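Observations on the three-dimensional arrangement
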Amino acid sequence: MQEEVCGILVDVREYREHDALLKVLCEDGSLMSLSARGVRKVTSKNAPAVQLFTLARLQLNYQETSSMQSLRRAEIINSYRKIREDLMKQSIAAYFCECIHKSGFEDNVYGLLKQSLDILQDAEHPLQLLCLFQAIMNRMHGIEPYVDGCVRCQNMQDIQAVSRRDGGFVCKHCLRSGDHIISRNDLKTFRLLCKAELKHYELLERLEPFTSENFEELYGFFEDYGGIGLKSIRFLRTLFAMEESS
Ligand SMILES: [Zn+2]
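Being a predicted model, the structure only gives us computed values, none of them experimental. (Residues numbered from 1 in each chain as written. Predicted model: local features only at pLDDT ≥ 70, side-chain atom pairs only at ≥ 80, totals over all residues. Heavy atoms only, no water.)

**Regarding the side chain of Asp179**
Looking at where Asp179 falls in the secondary structure, it is placed in the loop between β7 (168-171) and β8 (180-181). Contacts of Asp179, omitting those with residues within four sequence positions, involve Arg152, Ala161, Val162, Ser163, Val170 and Cys174. (Helix = DSSP H or I, 4+ residues; strand = E, 2+ residues; numbered from the N terminus. Contact = heavy atoms within 4.5 Å.)

**Concerning the environment of Ile143**
Considering the arrangement of structural elements, one finds Ile143 in the loop between α4 (126-140) and β6 (159-163). Once the C-alpha coordinates of Ile143 and Arg57 are considered, the two residues, 86 residues apart in sequence, prove to be 35 Å apart. Once residues within four sequence positions are removed from consideration, Ile143 is found in contact with Asn138, Phe221, Phe222, Tyr225 and Gly226.

**As for helix α8 (residues 232-245)**
Over its 14 residues, α8 extends 21 Å from the first C-alpha to the last, a length consistent with the 20 Å expected when each residue adds 1.5 Å. For α8, the complete set of buried residues consists of Ser232, Ile233, Leu236, Leu239 and Phe240. Seen end-on, α8 carries its buried residues on one side only, within an arc spanning 120 degrees. Residues Arg234 and Ser245 are exposed on α8 and point more than 90 degrees away from its buried face. On the buried face of α8, the contacting elements are α2 (87-103), α4 and α7 (212-225). (Expected span 1.5 Å × (residues − 1). Buried < 20%, exposed > 50% of the residue type's maximum accessible area, 1.4 Å probe, protein only. Arc of directions from axis to C-beta.)

**Side note on the pattern of salt bridges**
Any two side chains of opposite charge can pair, so long as their charged atoms come close to each other. One pass over the full model with this rule turns up 19 salt bridges. Among the salt bridges present, the one from Lys82 reaches Asp122, with a minimum N-O distance of 2.4 Å. Placement of the pair is Lys82 in helix α1 (residues 81-84) and Asp122 in helix α3 (residues 110-122), with a sequence separation of 40 residues. Classification of Lys82 by relative accessible area gives partly exposed; the value is 36%. Note on Asp122: relative accessible area 47%, which makes it partly exposed. A salt bridge links Arg139 to Glu197; its shortest N-O distance comes to 3.7 Å. Of the two residues, Arg139 is situated in helix α4 and Glu197 in the loop between α5 (184-195) and α6 (201-205); the sequence distance between them amounts to 58 residues. Given a relative accessible area of 38%, Glu197 falls into the partly exposed group. (Salt bridge = Lys/Arg side-chain N within 4 Å of Asp/Glu carboxyl O.)

**Some points on the domain arrangement of the protein chain**
As assigned here, the protein chain comprises domain 1 (4-79) and domain 2 (82-245). The gap between the C-alpha centroids of domain 1 and domain 2 is 30 Å. Residue-level contacts link 19 residues of domain 1 with 15 residues of domain 2. Buried area between domain 1 and domain 2, summed over both chains or domains, comes out near 1,400 Å², and the portion from carbon and sulfur atoms is 67%. Applying the counting criterion to the domain 1 and domain 2 interface returns zero salt bridges. Where domain 1 meets domain 2, there are five residue pairs in polar contact (both at pLDDT 80 or more). Among the elements of the structure, β1 (4-15) and β2 (19-26) are those that each provide at least two residues to the side of domain 1 that touches domain 2. (Domains from an automatic or database assignment. Buried area = accessible area lost by both parts, 1.4 Å probe. Polar contact = N/O pair within 3.5 Å; in protein donor to acceptor, adjacent residues only side chain to side chain.)

**Some points on the sheet that holds β6**
Taken together, the three strands give an open sheet; going across it, the order is β7-β6-β8, and neighbouring strands pair in antiparallel fashion. Each end of this open sheet is capped by a strand with a single partner; those strands are β7 and β8. As paired elements, β6 and β8 share two bridges and run antiparallel to each other. The residue bridging Val162 from the neighbouring strand is His180, located in β8. Contacting β6 and β7, α5 runs over the sheet at an angle of about 55 degrees to β6. (Pairing = 2+ DSSP bridges. Axes fitted to C-alpha atoms, helices over the stretch in contact; angles between N-to-C directions.)

Listed below in C-alpha cells is the structure:
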C-alpha cells in the first residue's frame, strides 16, 4: 500500500471546473495518474504544489482497486523557482516533461529528469542543456545519427553535411541534394552532443553558445523517427524566433 509518493509532475491538465488530472513521475520510475480535486480553487492549499515540473511529496487517498488515485495533500519539495521566473527555462522544462512523459520509457528516467531540472535552474546557457537533452533522448529512442564518419562511404575526412534520411554525417564526395550542409563548427558541436552524457554538461557550457539551429538539427531526427508529436515544441520555437529577431 502506497499512501505517499515523491515525484515530479510531468503533466497537469485542467479537469472539470476546479479539478486537475496529474501525471507524476515517481522516484521509483513509475508514472502515476492522479486526480486532484479542487486544486484550481483560489482557496486550495494544494494549488502551489500542483504545477508542472514541481518536485512534490503527495499524499494519496489510496484505493487498491483503482487505476487512478486521488490526491489528498501536496507539499512542495522543490518548485524550481529560478526556472519559473525565466520564460525560456520554463518552456524548456515543460519540453523535458512532455518528452519524458510521452516517450514512455521502460527504464527509470526519474534521475534523468530531476538532474536535467537541477542543471537547468542555474544554467547560463539553457540552450546548451536543451541540445544535450535532445541528443540523449535520440539515443534512448535508438535513433541517434551516425557521426563517426560518412554514413555512405565511411570516409572520416571531408565531412560536410548531415543526412536525415540516411541518419548521419555525409562527406563531400557523397553529397546529394537534400543533405543539410552545415559549418565545420556546427558539425563538431553536433558530434560532441551525440556522444555526450548529462555529466558532461559543464564542459558543454564552456563552449560558444549554441543556437536554435543546433537544436533543430537534433530535433529533426526525433521528429522524423521518434514517432511522437510534442506540443511544447511550438512554444519553444516561438521563443527562438522572438530571441532571434530581438
Ligand atoms: Zn562519403
